[in-house]
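Next come the chains, spelled out residue by residue.
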Amino acid sequence: MEKRDYYDVLGVPHDAGEEDIKKAYRKLAMKHHPDRNPSDQEAEERFKEAAEAYEVLRDQEKRAIYDRYGHDGLAGTGFRGFSGFDDIFSNFGDLFEEFFSFGSKTGRRTRAKKGNSLRYDLELTLEEAFAGREEEISFKKWTSCETCRGSGMKAGTERKACTTCGGRGQIFRSQGFFQISTPCPACRGEGRIVIDPCRDCNGKGKIRIDRKITLKIPPGVDTGSQLRLQGEGEPGENGGPPGDLFVLIHVKEHDFFKREGEHLLCEIPVSFVQAALGNTLSIPVLGNEDGQELHIPSGTQPGDILTLPGLGMPSLQRNKRGDLYIRVSVKIPKKLTSRQKELLEELAKSEGIKEPRETKKFWQKITRTQ
């Protein structure tokens, strides 16, 4: 997306003074601040755009380059704007305290950040996915240190101004004829550091623990299903909420059944006599150890599909089950007894099937006429 003119962004003329630029930015920052416009993507973009414009126009050297060469001139100096909200608040911490009265002017506002979410992969058999179950899982996670309550500091102590950046949270370096500021690596842009760290967490504010949870897995889960356990992820930062734990389900392939969503498919072999005359068989089904009777109609052909409604997998969305589809495969015996051959020959004669010699003559006749 093409960048707008910085003066147009702030709504000020090209000869605007420093105070006018500051007032214009304050108005836009208050209007589009993320705390006042949660989950508003357009407001977020306007907030970032206004911050970038203010960063350039408040600085005499950057402004001079921009007035002469535009955005391309700034790009040539290495200026890239801001990467996100944390970058903006880190850079303009004192200014926002002035705008919005965020605490002491010697401190720096740090935004609450939700903790990272975790993933756990769980493998189930098809039978377990069908019935649902309770499963205890174990995993390692970071949690807030109880000794220092997540502050990282020894009891009775407090953070001190960072000596690397002088409490500003920014490191300034010269590049050409103007200055570039970057977040301080020592305090990560906060302006303050822990002098006397908590012994239990070594100043991290969190410790790694072994966590056990009992999951209730609903019937009908499939590969790719996710169970979300809210608040079981990593701890948040600066008072932010903890992340979540996502349990990803993997259902192993079954030796007999093939799954397609809520439906199950299987294949059963029958003899050509059973297919011709019809028969009743007992086949395995999930949820019924005694099996289920399946009627094979007379005249069933190889590849025919028979259906048993409501004997598939439970549905996660509906209070019902899918269907069970049975594909019939007809087995042809490779060896026959004399009596079996005799009976089949009688069947062949009853159907008017020709002798092999007569069949050969028939194909020769067809070939000659083509």
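Overview of the structure. (Residues numbered from 1 in each chain as written. Predicted model: local features only at pLDDT ≥ 70, side-chain atom pairs only at ≥ 80, totals over all residues. Heavy atoms only, no water.)

1. Description of the nonpolar core
The nonpolar side chains of a soluble globular protein tend to be buried with one another. Put simply, the rule reads: Buried residues of nine kinds, namely Ala, Val, Leu, Ile, Met, Phe, Trp, Tyr and Cys, make up a nonpolar core once their side-chain atoms join them within 4.5 Å. A 1.4 Å probe rolled over the protein chains alone gives each residue an accessible area, and that area as a share of the maximum for its type sets the label: buried under 20%, exposed over 50%, partly exposed in between.
One finds Leu-215, Leu-245, Val-247, Ile-249, Leu-294, Leu-324 and Ile-326 to be the most contacted residues of the largest nonpolar core, which totals 36 residues. Counting residues in hydrophobic clusters, the runner-up holds 23 residues, among them Tyr-7, Val-12, Tyr-25 and Ile-88.

2. Notes on helix α2 (residues 18–32)
One full turn of an α-helix is made of 3.6 residues, so residues set three or four places apart face in the same direction. Condition: Secondary structure elements are taken from DSSP: a helix is a run of H or I of four residues or more, a strand is a run of E of two residues or more, and numbering for both begins at the N terminus. In this scheme, a helix's expected span is set at 1.5 Å multiplied by one less than its residue total. Think of it as the arc spanned by the lines of direction from the helix axis to the C-beta atoms.
Between the first and last C-alpha of α2 there are 21 Å, a value that for 15 residues agrees with the 21 Å anticipated at 1.5 Å per step. Taken residue by residue, α2 has Ile-21, Ala-24, Tyr-25, Leu-28, Ala-29 and His-32 as its buried positions. Summarising the axial view, the buried residues of α2 lie within an arc of 135 degrees, below the 170-degree limit, and thus occupy one face. Summarising the geometry of α2, the exposed residues directed more than 90 degrees from the buried face are Lys-23, Lys-27 and Lys-31.

3. Here's the deal with the side chain of Glu-234
Keep this limit in mind: Residues scored as charged are limited to Lys and Arg (positive) and Asp and Glu (negative), so that His and the chain ends carry no count. By salt bridge we mean one thing: a side-chain nitrogen of Lys or Arg within 4 Å of a carboxyl oxygen of Asp or Glu. Two N or O atoms count as a polar contact when they lie within 3.5 Å, although within protein this holds only if one can serve as hydrogen donor and the other as acceptor, and sequence-adjacent residues are included solely when both atoms are side-chain atoms. Note on definitions: a residue-residue contact is assigned when non-hydrogen atoms from the two residues lie within 4.5 Å.
By secondary structure assignment, the location of Glu-234 is in the loop between β8 (226–229) and β9 (245–251). Look at Glu-234: it is buried, it has no salt bridge, and the nearest opposite charge is Arg-208 at 4.6 Å. A polar atom in the side chain of Glu-234 sits 3.0 Å from the backbone nitrogen of Trp-142. Beyond its immediate chain neighbours, meaning those up to four positions away, Glu-234 contacts Gly-115, Asn-116, Leu-118, Lys-141, Trp-142, Pro-242 and Gly-243.

4. Observations regarding the side chain of Glu-135
If you trace the backbone, Glu-135 turns up in strand β2 (residues 133–144). Note on Glu-135: relative accessible area 19%, which makes it buried. Looking at Glu-135, its side chain comes within polar contact range of the side chain of Arg-133, at 2.9 Å. Beyond its immediate stretch of four places on either side in the chain, Glu-135 contacts Leu-122, Ile-213, Thr-214, Leu-215 and Ile-217.

5. Describing the sheet that holds β8
In a beta sheet, neighbouring strands pair by backbone hydrogen bonds and run either parallel or antiparallel. Put simply, the test is: Think of it this way: DSSP has to see at least two bridges between two strands before they count as a pair. Lines fitted to C-alpha atoms define the axes, with helix axes restricted to the stretch in contact, and inter-axis angles between N-to-C directions lie between 0 and 180 degrees.
Spatial strand order, β1-β9-β8: three strands in an open sheet with mixed pairing. Of all strands in the sheet, those with a lone pairing partner are β1 (118–124) and β8, marking the two edges. Taking each pair of neighbouring strands and ignoring which way they run, the sheet shows an average axis angle of 25 degrees. Here β8 pairs with β9 via four bridges, running antiparallel. Paired with Gln-226 across the bridge in β9 is Leu-248.

6. A closer look at the packing of aromatic side chains
The line we're drawing: Between rings of Phe, Tyr and Trp, where Trp is taken as its six-membered ring, a pair exists when centres lie within 6.5 Å; planes separated by under 30 degrees are stacked, by over 60 edge-to-face, and by other angles tilted.
All told, the structure shown has four aromatic pairs when counted by the stated rule. Ring centres of Tyr-25 and Tyr-54 lie 4.5 Å apart, and the angle between their planes is 10 degrees; this geometry places the pair in the stacked category. Residue Tyr-25 is found in helix α2, and its partner Tyr-54 is found in helix α3 (residues 41–57); the two are separated by 29 residues along the sequence. Tyr-54 matches Tyr-25 in its accessibility class, with the two residues each being buried. On the basis of an interplanar angle of 75 degrees and a centroid distance of 4.8 Å, the ring pair of Phe-256 and Phe-257 is categorised as edge-to-face. An aromatic cluster is built from Tyr-6, Tyr-7 and Tyr-66, whose rings are joined through pairwise contacts.

7. With respect to the environment of Gln-292
Note that Gln-292 resides in strand β13 (residues 288–296). Along the primary structure Gln-292 and Ser-282 are separated by 10 residues, whereas in three dimensions their C-alpha atoms are 5.3 Å apart. Dropping the residues within four chain positions of it, Gln-292 is found in contact with Leu-281, Ser-282, Ile-283, Val-285, Leu-308 and Leu-311.

8. Section: the sheet that holds strand β10 (residues 258–260)
If you trace the four strands from one edge of the open sheet to the other, you get β10-β11-β15-β14, paired in mixed fashion. Each having just a single partner strand, β10 and β14 (305–308) make up the two edges of the open sheet. Within the sheet, the average angular offset between the axes of one strand and its neighbour, ignoring direction, is 30 degrees. Where β10 meets strand β11 (residues 263–271), three bridges bridge the pair, whose relative direction is antiparallel. Its bridge partner being in β11, Arg-259 is matched across the sheet by Leu-264.

9. Thoughts on the state of the cysteines
Put simply, the rule is: Sulfur atoms of two cysteines make up a disulfide when they are within 2.5 Å.
Counting across every chain of the model gives zero disulfides. Cys-165 carries a free sulfur, and the closest cysteine sulfur to it, the one in Cys-187, is 3.7 Å from it. We note that Cys-184 lacks a disulfide partner, and the nearest cysteine sulfur, in Cys-187, lies 3.7 Å from it.

10. A closer look at the environment of Asp-59
Here Asp-59 is to be found in the loop between α3 and α4 (60–75). When its relative accessible area of 23% is taken as the criterion, Asp-59 is described as partly exposed. Taking the C-alpha atoms as reference points, Asp-59 and Glu-18, 41 residues apart in sequence, are found 9.1 Å from one another.

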